[in-house]
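# Coordinates in review
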Amino acid sequence: MATLQKLHELIHALDKNEKKFLSLMIDGTAGKAKQRYADAFKDINSVKQYDAAKLKARLANGISGMNLSEANSNFYGFVCKAIVAYYGFEKNTTGLNKRILLIDILCTKGLFDTAMKMIEELMPIVKLSGTYAMMHRLHEIKNNIYINGSQFNKKYTERYAFYESRLQLLAENQQAVQITMLNTRFFELAHKTGDPRTKAQYEQYIQLSKAPLLQIPIEEVNSRSLGTFVQLKLTLEVVAGKSENVFELCENLRLRLKKIATGHELLSQEYFVVDFMTGEALQLKRKDMALHCLRELWAIEKKVVQKGVRQKIYARILMIELTVCLWEKNFTAVDKLLSQWMTNEKKNLWMSANLAYVNLLLAARVLYLSGKPDKALDYLLMMQEFEKVLRPNIHISYRFLFLLCHYKLKNYQFLTYATESLYRYLLKLDKLYAPERALLRFVKQCDHFEKVKPAMKLLYETLSELQSDSLNRPFFIYGDYNEWLQIELAPKRFQQ
């Protein structure tokens, strides 16, 4: 029996259109159930936060001839039927399942001709937007028609071709499962180790990148698994130390994609490949490739209609432009760029995208290097609402720059807070590698304003040595640590 809490969760999970349809279904109900369901729907919908005592008191008034639990279960079943009825034979998952159910019912009534025609009409739609389970179910029904339909069971040539298609579907499904398993292994590894920072961690990623399935040509990958395959292959190619070849690999992938995909699927995959190239170009400081990706992103932006994808594209475009300014130390261009992209109207275009906060950090980095720590602080303060989702290397860079800004501005009270917050964050990390340990020693020594500069000198020397080690690359991606420290240790030399 459905509990009152489950009934409450179900009602509040419905969208506006589903609730309107439910109201219409209740209006069409006969007898006492009509008023009981109408009252129950009104009462439950009005209580936004679940309160058992309050709901029971309200619902009990409209019950007669049965207990409250039985009435709740009856209404729960009615709501479920209304939801199913709401979705017609459209191309969504629910609609497709209902069409498959109808075909199955027609078969039980011996209407094999009609059922077969409906299968042939539905099969292309399911191949495009359905699931493997739907495809297998349609094949199973079709097989029963060949066995039980006298007008079909002697079509041997047709049946053999059908069995070949079933074997092909099974092979495709098997490949999809295997790719999903590899992807799951990658996420498990990433969850346990994060960015590889030791040789042993790198070796685990390298072994995964050597999986035979990841070596096959992209043309042999089924379209349903294409997105997962491309993302996994590219990521592991980079982690396995093939960063310099990734641009050639990406361009080859784009050429192959154009041969096997069309329309929205092609645009979606192309966007991912260009987005991936963008990330690598920025990390490898390849200005030529970054500008190439910038042009490609603008070209894709003209074709994309999905709001979420457009937000990601705009966030990436701003990221490239800010990073190029950072590389070139073009501080005048940054002021102009920020004035364009930081208006309320423009921010709405990109601020909700994943990793959009990196642009706030980039702005703070450039502004600090340009001698404007006060303006850099404005952008760092905007990052505070994202603290819970920041990656460790981004979080450390953000907090350290916070500390430097307060030091530069001689905000003694806030400097103490910034130092302590960075210290507490570093202590909470599961793993501390050499650069993080150097930072931890630095903040331990900074218990007084006078001690900060000598500690900076030691930190600068340590980080200069560590920066040449490729294993420490992830730590330095989002921070200009040595340049920041040089500003305080040798400002005149840095300006020259």
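Whatever comes next refers back to the structure up there.
Summarised in this report is the structure supplied together with it.

Scoring rules and cut-offs
Residues numbered from 1 in each chain as written. Predicted model: local features only at pLDDT ≥ 70, side-chain atom pairs only at ≥ 80, totals over all residues. Heavy atoms only, no water. Core = buried A, V, L, I, M, F, W, Y, C linked by side-chain atoms within 4.5 Å. Buried < 20%, exposed > 50% of the residue type's maximum accessible area, 1.4 Å probe, protein only. Contact = heavy atoms within 4.5 Å. Helix = DSSP H or I, 4+ residues; strand = E, 2+ residues; numbered from the N terminus. Expected span 1.5 Å × (residues − 1). Phe/Tyr/Trp six-rings, centres within 6.5 Å; stacked < 30°, edge-to-face > 60°. Axes fitted to C-alpha atoms, helices over the stretch in contact; angles between N-to-C directions. Parallel < 35°, antiparallel > 145°, perpendicular 65-115°, else oblique. Left-handed = near helix turned anticlockwise from the far one by under 90°. 1 Å grid on protein atoms, 1.4 Å probe; cavity = no way out; pocket = protein on both sides within 12 Å on 5 of 7 lines; lining within 4 Å. Points joined across faces, edges and corners; volume = space filled by probe spheres on them. Nonpolar A, V, L, I, M, F, W, Y, C, P; charged D, E, K, R; others polar. Disulfide = S-S within 2.5 Å. Arc of directions from axis to C-beta.

Attention shifts here to the nonpolar core. Formed by 118 residues in total, the largest nonpolar core has its most connected members in Leu 234, Trp 350, Leu 380, Phe 400 and Phe 442. When neighbours within four sequence positions are excluded, Leu 234 is seen to be in contact with Val 246, Leu 249, Cys 250, Leu 253, Phe 272, Val 273 and Phe 276. Leu 106, Leu 138, Ile 145 and Leu 169 belong to the second-largest nonpolar core, a separate cluster that totals 24 residues.

Time to look at helix H20 (residues 392–408). The α-helix advances 3.6 residues per turn, and as a result positions three or four apart in sequence lie on the same side. Spanning 17 residues, H20 covers 24 Å between terminal C-alpha atoms, matching the ideal 24 Å at 1.5 Å per step. Among the 17 residues of H20, 15 are classified as buried, and the element is accordingly described as predominantly covered. Phi turns positive one or two residues past the end of H20, at Lys 410, with a value near 60°.

Let's shift gears to the packing of aromatic side chains. Any two aromatic rings considered together are summarised by their centre-to-centre distance and by the angle between their planes. In the structure shown here, the tally under the stated rule is 19 aromatic pairs. Centroid distance Tyr 146 to Phe 152: 6.4 Å. Interplanar angle 90°. Geometry classified as edge-to-face. Like Phe 152, Tyr 146 is buried. An aromatic cluster of at least three residues, connected via ring pairs, comprises Phe 400, Phe 442, Phe 475, Phe 476, Tyr 481 and Trp 484.

We now examine unusual backbone geometry. Backbone geometry at Lys 329 places phi at a positive 55°, although glycine is not the residue there. Looking at the secondary structure, you find Lys 329 in the loop between helix H15 (307–328) and helix H16 (331–341). In this structure, Lys 410 takes a positive phi of about 60° despite not being glycine. Along the chain, Lys 410 falls in the loop between H20 and helix H21 (412–428).

What follows is about the environment of Leu 415. With respect to the helices, strands and loops of the structure, Leu 415 is situated in helix H21. Overall, the relative accessible area of 6% leaves Leu 415 in the buried class. For Leu 415, the residues in contact, after removing those within four places along its chain, are Leu 403, His 406, Tyr 407, Phe 449 and Val 452.

A pair of packed helices is captured by two measures, namely the crossing angle of their axes and the spacing between those axes. Where H16 meets helix H18 (residues 357–369), the axes come as close as 10 Å, and the angle between the chain directions of the two elements is 140°. One element, H16, and the other, H18, form an angle in the oblique class. By crossing handedness, the relation of H16 to H18 is classed as left-handed. In contact with Phe 331, Val 334, Asp 335 and Leu 338 of H16, H18 contributes Ala 363, Val 366, Leu 367 and Leu 369.

All right, on to empty space enclosed by the protein then. Counting across every chain of the model gives 2 cavities of 30 Å³ or more. Here the second largest cavity is characterised by a volume of approximately 80 Å³. Lining the second largest cavity are Gln 384, Glu 387, Tyr 398, Arg 399, Phe 402, Tyr 417, Ala 418 and Ser 421. Looking at the lining of the second largest cavity, the elements that each hand over two or more residues are H20 and H21. Taken together, the residues of the lining of the second largest cavity break down into 4 nonpolar, 2 polar and 2 charged.

Let us look at the side chain of Asn 482. Here Asn 482 lies in helix H25 (residues 481–489). If near-sequence neighbours (up to four positions away) are discounted, Asn 482 is found in contact with Tyr 460, Leu 463, Ser 464 and Gln 467.

This next bit is on the state of the cysteines. Under the definition given, this model contains 0 disulfides. With no disulfide partner, Cys 250 has as its closest neighbouring cysteine sulfur the one in Cys 293, 8.0 Å distant. Judged by relative accessible area, which is 0%, Cys 250 ranks as buried. We classify Cys 293 as buried; its relative accessible area is 0%.

What follows deals with helix H23 (residues 452–466). Compared with the 21 Å implied by 1.5 Å per residue over 15 residues, the 21 Å span of H23 between its first and last C-alpha is a close match. When we look at burial in H23, the residues that qualify are Val 452, Ala 455, Met 456, Leu 459, Leu 463 and Leu 466. Projected down its long axis, H23 carries its buried residues within an arc of 100°, all on one side. Turned more than 90 degrees off the buried face of H23, the exposed positions are Pro 454, Lys 457 and Glu 465.

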